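Residue-level structural notes
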Amino acid sequence: MNAFEMITLSQGLNLSSLFDRQQDFIKRQTRFVSRKSAKVIISSIEAVAGSMGLKVHTRNFKTRLEGLSANKAGQFAAVIEVYEVAPSLFLVDVRKAAGDTLDYHKFYRSFCKKLEHIIWKPTESNAKHGLLRTKSCDS
Amino acid sequence: MQSLFGCFCVRKGQRKAGYEDPIILASETPFTVNEVEALYDLFKKLSSSIIDDGLIHKEEFQFALFRNSNKQNLFADRIFDLFDVKRNGVIEFGEFVRSLSVFHPNAPEADKIDFAFRIYDLRQTGYIEREELKEMVLALLGESDLTLSNDVIDTIVCKTITEADTNKDGKIDQEEWREFVAKNPSLVKNMTLPYLKEITLVFPSFVMHSEVQD
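What you are looking at is a predicted structure, and each value in this text was computed from that prediction instead of being measured.

**Observations concerning the overall build of chain B**
Helix and strand counts for chain B come out as 10 helices and 4 strands. Buried positions account for 52% of the 214 residues belonging to chain B. Counting only contacts in chain B whose residues sit at least 6 apart along the sequence, the fraction spanning at least 24 positions is 56%. Of the roughly 9700 Å² of accessible surface on chain B, 55% is carried by carbon and sulfur atoms.

As structure tokens, this is what we get:
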């Protein structure tokens, strides 16, 4: 994944929100970082989704999860894509594909709790470096 | 402000400031007159959410994108500034339609690629510099509540610049950007809004007061 592909994930660049009729809004896009291998990430996602009662379909680092909404009255679907951002560093982008936004956020919270073992949360020591300094590209 | 185009609207009654004749706008963009009228319904909704003056203010734009009028976002700022062609701090209806026309599925790919370049050329120097690319990556990470180390971010930025910067001057010019997009077409996928072809379905209320059948 190059820097521009990462940038295009931004909500500020997604003008389709202008046409949304929904009044409620919480973050529609959610993502996390992992240092596990792509294979481990995908198999963990599939296992957790299965345990949550969702149908899983994966192709080419893109996984679709489908199921019924919390009140069983409608469809629920989410799409997950895994991007390699740097060696051994993956960005996992999770998006709601169908269903209620509130349902989606409940799903995402529960989903992430079960995936704690693959989600990388940088600590102060391993993340901190002067943000002001941009190192030269020729080094 | 009463624009020159206001005279076309006399038979329809009062129009707010910044309104432009749909026939003129349709002739200059890929939109049909009915689509421009549907866009006017959308424009009215967006431009009245906070200050009801027929103009889209930055807070109203932020509200439309994030449902939060105070949400600061680098990319939304860039798009707002590009839509605000007159640079008077607000988006008028004509600016809205003309700018959105680049996002129409039928708009030339070259226009979309050039518009994207202008978004990313943060300081409008004619180049996308390494610092600007880094600033944008940091903005995306901040927006997503993600943290990566400075070294990792530099690596990502350097790798991208190196790939795109074919004349090795350390920055990306417009021609290099075009070549880079030709190799990575998904980079401009958010420059097309399929909704724009269905706008008359999304805002059907216009059908009752349309001036023109097309």
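The rest of the description comes next.
**Considering the environment of Phe 63 of chain B**
All names here are of chain B. For Phe 63, the position within the fold is in helix 3 (residues 58–66). Among the residues examined, Phe 63 registers a relative accessible area of 28% and is labelled partly exposed. Along the backbone, Phe 63 and Ser 101 are 38 residues apart, and their C-alpha atoms lie at a distance of 21 Å.

**Observations regarding helix 8 (residues 150–164) of chain B**
Relative to the 21 Å expected for 15 residues at 1.5 Å per residue, helix 8 of chain B spans 21 Å between its end C-alpha atoms, a close match to the ideal helical length. All buried positions along helix 8 of chain B are accounted for by Asn 150, Val 152, Ile 153, Asp 154, Ile 156, Val 157, Cys 158, Thr 160, Ile 161 and Ala 164 of chain B.

**Observations concerning helix 7 (residues 130–143) of chain B**
Residue and element names in this part refer to chain B. Helix length check: helix 7 (14 residues) gives 20 Å between terminal C-alpha atoms against 20 Å at 1.5 Å per residue, within 8%. Inspection of helix 7 places Glu 132, Leu 133, Lys 134, Met 136, Val 137, Leu 140, Leu 141 and Glu 143 among the buried residues, and these make up the whole buried set. Just beyond helix 7, the residue with positive phi is Asp 145, at close to 55 degrees.

**Description of the interface of chain B and chain A**
The interface is formed by 54 residues belonging to chain B together with 43 residues belonging to chain A. Between chain B and chain A, the buried area comes to about 4600 Å², and carbon and sulfur atoms account for 67% of it. Joining chain B to chain A, the criterion identifies 0 salt bridges. Counting every contact that joins chain B to chain A gives 6 residue pairs in polar contact (both at pLDDT 80 or more). Among the secondary structure elements, those contributing two or more residues to the side of chain B that touches chain A are helix 2 (33–47), helix 3, helix 4 (74–83), helix 6 (109–120), helix 7, helix 8, helix 9 (174–183) and helix 10 (199–202) of chain B. Sorting elements by how many residues they give to the side of chain B that touches chain A places helix 7 of chain B first, with 9 residues. A per-class count over the side of chain B that touches chain A returns 36 nonpolar, 10 polar and 8 charged.

**Examining the UniProt feature "domain: NAF" (unreviewed entry) in chain A**
Taking the numbering used here, the UniProt-annotated feature "domain: NAF" (unreviewed entry) corresponds to residues 1–20 of chain A. From the first C-alpha to the last, residues 1–20 of chain A spans 29 Å; its make-up is 25% helix and 0% strand.

Cut-offs applied
- Residues numbered from 1 in each chain as written.
- Chains lettered and ligands numbered in written order.
- Predicted model: local features only at pLDDT ≥ 70, side-chain atom pairs only at ≥ 80, totals over all residues.
- Heavy atoms only, no water.
- Helix = DSSP H or I, 4+ residues; strand = E, 2+ residues; numbered from the N terminus.
- Buried < 20%, exposed > 50% of the residue type's maximum accessible area, 1.4 Å probe, protein only.
- Contact = heavy atoms within 4.5 Å.
- Areas by Shrake-Rupley, 256 points an atom, 1.4 Å probe, with all protein chains shown as cover.
- Expected span 1.5 Å × (residues − 1).
- Buried area = accessible area lost by both parts, 1.4 Å probe.
- Salt bridge = Lys/Arg side-chain N within 4 Å of Asp/Glu carboxyl O.
- Polar contact = N/O pair within 3.5 Å; in protein donor to acceptor, adjacent residues only side chain to side chain.
- Nonpolar A, V, L, I, M, F, W, Y, C, P; charged D, E, K, R; others polar.
- UniProt positions renumbered as here; feature names shortened; annotations may be inferred.

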